[in-house]
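# Working through the structure, step by step
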Amino acid sequence: MRPLRIAARLVALGFALAALPGRVGAATVLMISIDGLKPEYVTEADQRGLKIPILRGLMAHGAYADGVAGVWPTNTYPSHTTLVTGVTPAVHGIYNNPEFDPKRKFAESWFWYARQIRVPTLWQAAHRAGLATASIGWPATVGSTDVDFLIPEYWRIFRPTEDLNPSDRYLIAALARPEGMLERMQAHLGAYLMGNDVSREADETKTRFAIDILVKQKPRFMTLHLGSLDYVEHEQGPFSAAANQDLESIDEMLGRLIAASRKSDPAAIVVVVSDHGFVELTHRVNLYIPFVQAGLIEARIDPATKAVSVNSWKAEPWPASGMAAVMLRDPGDEHLLAQVRELLGRLSMDPAWGIDEILDAQAMQQRGGFPGASFVISMKPGYYTGGNFSGDAVTDFAGHGGHGFAPHHPEMRAALFIAGRGIARHRDLGQIDMRQIAPTVAALLGVKLGSATAPALLVRQ
């Protein structure tokens, strides 16, 4: 019998034993995010020919959602922060993946830092309750003092894996805590990943390091972010052969992670989440171009390097994949506001731009996204925001996948699977709100997350 089948059967046995009635109080929780996991990968695995026994075991022996309605925008950093806070981006402060940088001065800076989160997190609630915490690769964790064993996600400049700077290993080691932990782990586990490496090998590395922490440090709450499926879906689309193969590899990693968690605590609960769904793309829409043409952005493009320098701006898009916030330099300028509103109205009337809806500040306040934006351009699924300042405004982009679209689109639904001691067996939770996940995990941990107001899910037996 193949080792993978043996591991799968052992983990399935662990699911069955863990599903037996047990302690109702505080539990050990391992929370794993599979970036870009659509629920249909698991709920329709047989129809799609996917061999993912671990994920299917979580579904059979635990509670699961048919879909998780996400936040505005359905992007990685805002969504992951909602997963650990239970509130919308407008409340927690992580509005997008990259920060708004109208003059291109921030060297592609993202919302890296724990201090940018404005509300309590699950790590903070657990830490203050005296529970040991750990995290690997979770967004917006750089500098967190509430994570006892931390390897954050961070890179200096987003670039292809083969062009990464080898010295970035020293950078991530300096950001890990406690001091010296990562160097000691690398001495017997091998090198940790560099920068923005989102390959399958990077997920394997994260898994290896997570297992080491689970077994040796025995944290009561640990989070882990696996990013390779998202990368493959961006490159080749959801449910592509490459994406399916990647998920099958991740499923094997899950088996080892769950086994390590149960070795440390047989009653441990496993929570598998994702941050957003995915949709096949058809077009890339370069929204900067009409703003340049309208005189709202004054930019220079280097003819040799194609690098963009923004000399001045009055109004500028802030791309967020399947949508874009529109930021005004002076939001109180009524003449400028009217000029931008008229421009957006003309664009939305032309089907070629692929605009689904234009939302004003009041509408976005109700939706909980981009609190500083005067408008948000919500794109039709398939039309992706681009970054070009010149050339064709709308280009073909077939063969790729994307997210960031409005969360009411079914294709954007994320996933949730929970299994372990005391969790209901094969309970279909239906369609849920992403804001319900953090208070649910808090209840499992036996801690309070005061800022989360959404009701916890009924996952116990």
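Placed above this text is the structure.
Conventions we followed
- For every chain, the first residue of its written sequence is number 1, and the numbers climb from 1 along that sequence.
- The predicted origin of the model limits local features to residues at a pLDDT of at least 70 and limits the giving and counting of side-chain atom pairs to 80 or more, whereas totals for whole chains, interfaces and linings rest on all residues.
- Here the side-chain values reflect all heavy atoms present in the structure, with hydrogen atoms and water set aside.
- For our purposes a nonpolar core is just a set of buried Ala, Val, Leu, Ile, Met, Phe, Trp, Tyr and Cys residues, chained together by side-chain atoms within 4.5 Å.
- Relative accessibility thresholds used throughout: buried, under 20% of the residue-type maximum; exposed, over 50%; partly exposed, between the two (1.4 Å probe, protein chains only).
- Starting at the N terminus, helices and strands are each numbered in turn, a helix being any DSSP run of H or I of at least four residues and a strand any DSSP run of E of at least two.
- The criterion used for residue contact is that any of the two residues' heavy atoms lie within 4.5 Å.
- Any Lys or Arg side-chain nitrogen located within 4 Å of an Asp or Glu carboxyl oxygen qualifies as a salt bridge.
- In short, DSSP must find at least two bridges between two strands for them to pair.
- Take the number of residues in a helix, subtract one, and multiply by 1.5 Å to get its expected span.
- Counted as a polar contact is a pair of N or O atoms within 3.5 Å, where, for protein atoms, one must be capable of donating a hydrogen and the other of accepting one, and residues adjacent in sequence contribute only when both atoms are in side chains.
- In this analysis, axes come from line fits to C-alpha atoms, helices being fitted only over the stretch in contact, and the angle between any two N-to-C directions falls in the range 0 to 180 degrees.
- Charged residues are taken to be Asp, Glu, Lys and Arg, nonpolar residues to be Ala, Val, Leu, Ile, Met, Phe, Trp, Tyr, Cys and Pro, and polar residues to be all remaining types, Gly included.
- Note on angle classes: values under 35 degrees are labelled roughly parallel, values over 145 roughly antiparallel, values of 65 to 115 roughly perpendicular, and the remainder oblique.

Another aspect to go through is the nonpolar core. Most often, soluble globular proteins keep nonpolar side chains buried together rather than apart. Core analysis: the biggest nonpolar cluster contains 110 residues, and Val340 and Phe370 have the highest contact counts within it. Per-element accounting of this core gives the leading share, 8 residues, to helix H11 (residues 241-264). Discounting chain neighbours no more than four positions away, the residues touching Val340 are Phe291, Leu296, Ala315, Val326, Leu328 and Phe375. Counting residues in hydrophobic clusters, the runner-up holds 38 residues, among them Leu416, Ile423, Ala442 and Ala452.

Between side chains of opposite charge, a pair can form when the charged atoms approach closely. As enumerated under the stated definition, the model contains 10 salt bridges in all. Across the salt bridge formed by Lys216 and Asp212, the nearest N and O atoms sit 3.1 Å from each other. One end of the pair, Lys216, and the other, Asp212, are both in helix H9 (residues 200-217), 4 residues apart, so they sit about a helical turn from each other. Salt bridges sharing common partners tie together Glu204, Glu252 and Arg256.

Before going further, it helps to spend a moment on the pairing of strand E11 (residues 308-313). Examined bridge by bridge, strand E10 (residues 297-301) and E11 share 5 bridges and lie antiparallel to one another. Bridging from a neighbouring strand, Glu298 pairs with Ser312 of E11.

With 16 residues, helix H13 (residues 334-349) ought to run about 22 Å at 1.5 Å a step, and its terminal C-alpha atoms sit 23 Å apart, in line with that. Along its buried surface, H13 packs onto helix H12 (288-293), strand E12 (315-319), strand E13 (323-328), strand E14 (355-360) and strand E15 (375-379). Put simply, Asp333 is the residue that caps the front of H13, since its side-chain oxygen is 3.1 Å from the backbone nitrogen of His335.

It is worth spelling out the packing of helix H3 (residues 53-61) against H11 at this point. Put simply, H3 and H11 touch, their axes get as near as 7 Å, and they point 65° apart. Facing Pro53, Ile54, Leu55 and Leu58 of H3, the residues of H11 in contact are Leu247, Asp251, Leu254, Gly255 and Ile258. Of the residues in the contact of H3 with H11, the class split is 7 nonpolar, 1 polar and 1 charged.

Here the focus is the sheet that holds strand E17 (residues 394-396). Within the open sheet, the 3 strands sit side by side as E16-E9-E17. Their pairing is mixed. Here the strands that pair on one side only, and so sit at the sheet edges, are strand E16 (383-385) and E17. Strand-to-strand, the axes of this sheet are offset by a mean angle of 30°, without reference to chain direction. Where strand E9 (residues 283-285) meets E16, 3 bridges bridge the pair, whose relative direction is parallel.

Attention now moves to the packing of helix H10 (residues 228-236) against H11. At a minimum axis distance of 9 Å, the contact between H10 and H11 shows a crossing angle of 175°. When the axis of H10 is compared with that of H11, the two are roughly antiparallel. Seen from H10, the contacting residues are Ser228, Leu229, Val232, Glu233 and Gln236; seen from H11, they are Ala242, Ala243, Asp246, Leu247 and Ile250. Classifying every residue of the contact of H10 with H11 gives 6 nonpolar, 2 polar and 2 charged.

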